[in-house]
Amino acid sequence: MSAWRKMLVGADTSLVGAIRIIDQGGGQIAIVVDADDRLLGVITDADIRKAIVRGMDLQDSCASIMTATPIAMPASSSRTDQLELMRRRHIRQVPLVDGDGKVVDVALLMDLVAANYLPNTAVIMAGGLGTRLGTLTANAPKPLLHVGGKPLLETIVRQLIDQGFSRFFLSVNYRAQMIIEHFGDGSQWGVEIGYLREHTRLGTAGALHLLPPGIEHDILVMNGDILTKVDARHLLAMHSANAASVTMAVKDYVHNVPYGVVELDDNSNVTGFKEKPSHRYFVNAGIYVLSPRVLPLIPSAQYFDMPALFEAVRAKTLKLCAFPIREYWMDIGHPEDYEQANVEFVEHFTASEMQSPDDVGRKS
């Protein structure tokens with residue numbers, strides 16, 4: 001089967017099926033076609049995340065969220081024209097159709113540019129004390145705790161390398177030398193790693209003031225205690241498409257009240273009952289994309305958390321957007337989280353992702 005056929009889905013395919021195609025089809029898109037392969041619409045990763053924000057049921061059909069007037073090009077169009085259109089419209093995939101509107105191929109930006117390199121800088125916050133983990137961090141910083149047989153921070157770095165990042169800064173404070181000795185300058189992975197040395201605690205955003213001047217591209221910022229399958233390229237793409245100054249990854253969180261809830265008015269009169277209600281929230285997932293233009297909002301040598309930066313961004317009426325996470329995500333903050341992460345690692349991460357640098361020289 002041609003690779004592009006793996007991106008095709010029917011209009012009645014569930015959103016769960018579309019997610020599977022987007023994740024596994026190789027093009028980060030699901031192309032909706034009829035029984036004769038005529039183009040009906042497209043669904044992108046961003047469309048799925050917007051559906052999650054709206055609270056849609058993932059068993060709903062693709063027809064419920066697809067873009068019914070997708071951008072397409074004739075199969076006879078040149079690669080130059082395809083690349084020009086994608087850059088102009090800020091898209092990464094274009095279905096190619098014949099004279100009858102049937103999909104006969106899919107042009108992918110990553111194939112046309114033939115490169116995996118990203119010019120963006122990745123900053124990983126690895127300076128926390130890890131006090132919530134108790135004795136686990138008595139002799140080592142939390143990012144160096146082993147999850148799945150190797151340091152958590154190494155898993156994060158290697159994932160980002162696989163996604164195209166080659167320039168890293170690690171924010172370090174507690175037992176900083178252990179992290180520096182483990183990662184060095186990054187040459188063992190073929191990348192550049194520098195360090196933002198916090199001599200006093202600077203919070204979750206304050207260390208960004210230590211970045212060198214002259215950064216021109218959007219910056220990925222990530223906490224060093226997160227185990228996730230999120231592809232940062234999707235986050236960067238949504239940030240760019242929204243022309244945002246800051247994009248915050250958020251995770252859907254449901255709190256189930258285990259009791260019947262009684263509603264009262266100001267005079268203690270009972271006005272209603274709700275039996276074991278659920279409350280749905282989006283929580284900060286500790287992964288961000290920042291435009292370089294927000295860096296001057298971060299004060300020098302002061303404790304400054306991300307929420308303070310978000311408020312400064314809003315005060316300047318700059319755009320702050322959310323990126324809903326639908327992939328595996330875990331914040332390793334407590335001993336039980338650490339135990340759970342080690343259990344779940346094998347399920348969610350492949351054998352190749354567990355290797356150390358020495359181990360690696362169509363419808364539905």
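Residues numbered from 1 in each chain as written. Predicted model: local features only at pLDDT ≥ 70, side-chain atom pairs only at ≥ 80, totals over all residues. Heavy atoms only, no water.

Caption draft 1: Quick peek at helix α8 (residues 232-241). Burial in α8 covers these residues: Ala232, His234, Leu235, Leu236, Met238 and His239. Elements that come into contact with the buried residues of α8 comprise α2 (45-53), α5 (152-162), β12 (219-223), β14 (246-256), β17 (278-290) and β18 (320-325). Where α8 ends, the next residue or the one after it, Ala243, has phi of about 50°, a positive value. (Buried < 20%, exposed > 50% of the residue type's maximum accessible area, 1.4 Å probe, protein only. Helix = DSSP H or I, 4+ residues; strand = E, 2+ residues; numbered from the N terminus. Contact = heavy atoms within 4.5 Å.)

Caption draft 2: Seen up close, the confidence of the model for the protein. Averaged over all residues, the pLDDT of the protein is 89; the fraction at 70 or higher stands at 94%. For residues 351-364, every residue scores under 50 in pLDDT, and the model assigns this stretch 31 contacts once sequence neighbours within four places are set aside. (pLDDT = per-residue confidence, 0-100.)

Caption draft 3: Summary view of empty space enclosed by the protein. Estimated volume of the largest cavity: approximately 60 Å³. Around the largest cavity sit Ile156, Gln159, Leu160, Gln163, Leu220, Met222, Thr228, Val230, Ala232 and Ile287, which together line it. Listed by contribution, the elements that provide at least two residues to the lining of the largest cavity are α5 and β12. Considering each element in turn, the lining of the largest cavity owes the most residues, three residues, to α5. Taken together, the residues of the lining of the largest cavity sort by class into seven nonpolar, three polar and no charged. (1 Å grid on protein atoms, 1.4 Å probe; cavity = no way out; pocket = protein on both sides within 12 Å on 5 of 7 lines; lining within 4 Å. Points joined across faces, edges and corners; volume = space filled by probe spheres on them. Nonpolar A, V, L, I, M, F, W, Y, C, P; charged D, E, K, R; others polar.)

Caption draft 4: Looking closely at the nonpolar core. Ranked by internal contacts, the top residues of the largest apolar core, which has 47 residues, are Leu160, Phe165, Phe168, Phe183, Leu220, Leu227 and Ile287. The biggest single contributor to this core is α5, with six residues. Each residue touching Phe183, except ones within four places of it in the same chain, is listed here: Leu144, Leu153, Glu154, Val157, Leu170, Gln188, Trp189, Ile193 and Tyr195. Counting 25 residues, the second largest nonpolar core, distinct from the first, contains Val123, Phe169, Val250 and Leu309. (Core = buried A, V, L, I, M, F, W, Y, C linked by side-chain atoms within 4.5 Å.)

Caption draft 5: How the structure looks around the sheet that holds strand β1 (residues 8-10). Here we have three strands laid out as an open sheet, ordered β1-β2-β3, and mixed in their pairing. Looking at which strands have only one partner, the edges of the open sheet turn out to be β1 and β3 (39-44). Going from strand to strand, the sheet's axes swing by 35° on average, the running direction of each strand aside. Bridge count for strand β2 (residues 29-33) against β3 is five bridges, and the pairing is antiparallel. Considered in β3, the bridge of Val32 is made with Gly41. Each of β1, β2 and β3 is contacted by helix α1 (residues 15-24), which is oriented at about 125° to β2, the strand it contacts most. (Pairing = 2+ DSSP bridges. Axes fitted to C-alpha atoms, helices over the stretch in contact; angles between N-to-C directions.)

Caption draft 6: Just the packing of α5 against helix α6 (residues 176-183), in detail. Contact geometry of α5 with α6 gives a least axis separation of 11 Å together with a crossing angle of 45°. Relative to α6, the element α5 is oriented oblique. Considering how the two elements wind past one another, α5 and α6 form a crossing that is right-handed. On the side of α5, the interface is formed by Leu153, Glu154 and Val157, while α6 contributes Ile179, His182 and Phe183. Residue classes in the contact of α5 with α6 are distributed as four nonpolar, one polar and one charged. (Parallel < 35°, antiparallel > 145°, perpendicular 65-115°, else oblique. Left-handed = near helix turned anticlockwise from the far one by under 90°.)

Caption draft 7: Quick look at α6. Taken together, the buried positions of α6 are occupied by Ala176, Ile179, Ile180 and Phe183. Relative to the axis of α6, the buried residues are bounded by an arc of 100° and lie together on one face. Looking at the packing, one finds that the buried side of α6 touches α5, β10 (167-172) and β11 (192-197). In the segment just after α6, Gly184 is the residue with positive phi, at about 55°. (Arc of directions from axis to C-beta.)

Caption draft 8: Up close: the pairing of β11. Pairing of β10 with β11, which is carried by six bridges, proceeds in the parallel orientation. Its bridge partner lying in β11, Ser171 is registered against Leu196. Running through α6, the crossover from β10 to the neighbouring parallel element β11 is right-handed. (Right-handed = clockwise from strand over helix to strand, strands pointing away.)

Caption draft 9: Highlighting the sheet that holds strand β4 (residues 73-74). Taking strand neighbours across the sheet as the criterion, the three strands line up as β4-β5-β6 in an open arrangement whose pairing is mixed. Only two strands of the sheet have a single partner each, and these edge strands are β4 and β6 (103-108). The pairing of β4 with strand β5 (residues 93-97) spans two bridges and is parallel. Along β5, the bridge assignment pairs Met73 with Leu96. Across the sheet, helix α3 (residues 79-89) lies against β4, β5 and β6, angled at about 135° from β5, the strand it touches most.

Caption draft 10: Spotlight on the layout of surface pockets. Its boundaries defined by the atoms lining it, the second largest pocket holds a volume of some 620 Å³. Around the second largest pocket sit 30 residues that line it, and Gly128, Lys142, Thr204, Asn223 and Asp225 are the ones nearest its centre. Only α7 (203-206), β17 and β19 (329-331) provide two or more residues apiece to the lining of the second largest pocket. The biggest single contributor to the lining of the second largest pocket is β17, with four residues. In terms of residue class, the lining of the second largest pocket is made up of 10 nonpolar, 13 polar and seven charged.

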